[in-house]
Amino acid sequence: MQLRKKSSKKVTSWEVLGKQLAEFRQVAGLTQGRLADRAKVGEDTIASVEQGRRRLQDDVAECLDTLLDTKRALITAVSTIPAHERFPLFAQDFIERERTAITLLSYQNGVMPGMLQTPDYARTVFNNSYPPLSQQEVEDAVQLRIDRQLTLTSETPPMMSFIIEECVLLRHLGEPDTMRRQIQRLRECADFPS
């Protein structure tokens, strides 16, 4: 008799929430397309949320609660998602290791390292994402990126080394002021203890 291996796949809160949304939608007798039309979002958004691949935004959760008559079940679930799951699944382990690292090493040849980005620079990066992000998703991503930077000024920061190709410094993203503030930020970070 062969023993089956236990699945090592981690089920996230977003996947559980997505299953709940799918169940609410089916009980209401709606397809993903019809629910998307009524909620004024793309069908791919509903599909991605139901699969746990995309976060359910607060405003969309409230709208879906109303449309599906779920008595605020979705917005309540969104508000109780653990903080470490605010990041996409593929990044969660990385973020956890980053918080506890003794040394951080980074080489960048496309954009500034996320740990050194200003809010405006990060916003410009996220506004150029594909597929495009909603403004709420952009602002959430910027806030998460800035929150990660607390590691740099913690009581016992890790040893850090950032190598940035010259082309990143010469490539101007966003408005001229955005790049000027980003260069100023790099100068400030250079003064951090190493």
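Going by the structure above, here's the rest.
Residues numbered from 1 in each chain as written. Predicted model: local features only at pLDDT ≥ 70, side-chain atom pairs only at ≥ 80, totals over all residues. Heavy atoms only, no water.

Chemist: Help me understand the overall build of the protein chain in this model?
Modeler: When helices and strands are counted, the protein chain shows 10 helices and two strands. N-terminal to C-terminal, the α/β element order of the protein chain is α-α-α-α-α-α-β-α-α-β-α-α. Projecting the C-alpha coordinates of the protein chain onto the three principal axes gives extents of approximately 60 × 55 × 30 Å. The burial tally for the protein chain puts 38% of its 194 residues in the buried class. (Helix = DSSP H or I, 4+ residues; strand = E, 2+ residues; numbered from the N terminus. Buried < 20%, exposed > 50% of the residue type's maximum accessible area, 1.4 Å probe, protein only.)

Chemist: Mind showing me how you'd approach the layout of surface pockets here?
Modeler: One way to see where empty space is left: roll a probe the size of a water molecule over the atoms. Taken as a whole, the second largest pocket encloses approximately 220 Å³ of empty space. Along the walls of the second largest pocket sit 11 residues, with Leu-116, Met-160, Phe-162, Cys-189 and Ala-190 positioned nearest its centre. Elements with a minimum of two residues in the lining of the second largest pocket: strand S2 (159-164) and helix H10 (176-190). Considered class by class, the residues forming the lining of the second largest pocket number 10 nonpolar, one polar and no charged. (1 Å grid on protein atoms, 1.4 Å probe; cavity = no way out; pocket = protein on both sides within 12 Å on 5 of 7 lines; lining within 4 Å. Points joined across faces, edges and corners; volume = space filled by probe spheres on them. Nonpolar A, V, L, I, M, F, W, Y, C, P; charged D, E, K, R; others polar.)

Chemist: Please explain the nonpolar core as it appears in this structure.
Modeler: Side chains that are nonpolar tend, in soluble globular proteins, to be buried together. One finds Leu-17, Leu-21, Leu-35, Leu-56, Leu-64 and Leu-74 to be the most contacted residues of the largest nonpolar core, which totals 19 residues. Those residues within four positions of Leu-74 in sequence are excluded, and the remaining contacts are Leu-17, Leu-21, Phe-24, Leu-56, Ala-61, Leu-64 and Asp-65. Residues Tyr-121, Leu-152, Leu-173 and Met-179 belong to the second largest nonpolar core, which totals 12 residues. (Core = buried A, V, L, I, M, F, W, Y, C linked by side-chain atoms within 4.5 Å. Contact = heavy atoms within 4.5 Å.)

Chemist: How should the pattern of salt bridges be read in this particular structure?
Modeler: Where charged atoms from two side chains of opposite charge come close, those side chains can pair. Going through the model one piece at a time under the given rule, you end up with 10 salt bridges. Across the pair Asp-69 and Lys-71 runs a salt bridge whose closest N-O atoms are separated by 3.7 Å. We note that Asp-69, like Lys-71, is exposed. Measuring nitrogen to oxygen at the nearest pair gives 2.6 Å for the salt bridge that ties Asp-120 to Arg-181. Placement of the pair is Asp-120 in helix H7 (residues 119-127) and Arg-181 in helix H10, with a sequence separation of 61 residues. A cluster of three or more residues bridged by salt bridges with shared partners is formed by Asp-120, Arg-123, Glu-139 and Arg-181. (Salt bridge = Lys/Arg side-chain N within 4 Å of Asp/Glu carboxyl O.)

Chemist: Explain the packing of helix H2 (residues 32-39) against helix H3 (residues 43-50) here, please?
Modeler: Between two packed helices, what matters for the description is the angle formed by their axes and the separation of those axes. One can describe the packing of H2 onto H3 by two numbers: an axis separation of 8 Å at closest approach and a directional angle of 115°. The hand of the H2/H3 crossing is right-handed. Between H2 and H3, the contacting residues are Gln-32, Gly-33, Leu-35 and Ala-36 on the first element and Glu-43, Ile-46, Ala-47 and Glu-50 on the second. Class assignment of the residues belonging to the contact of H2 with H3 gives a composition of four nonpolar, two polar and two charged. (Axes fitted to C-alpha atoms, helices over the stretch in contact; angles between N-to-C directions. Left-handed = near helix turned anticlockwise from the far one by under 90°.)

Chemist: I'm lost on the side chain of Arg-25 in this one. Help?
Modeler: Tracing the backbone through its elements, the reader meets Arg-25 in helix H1 (residues 13-27). Relative accessible area serves as the criterion here: at 8%, Arg-25 is assigned to the buried category. Excluding anything up to four places from it in sequence, Arg-25 contacts Leu-30, Thr-31, Gln-32, Leu-35, Glu-50 and Leu-68.

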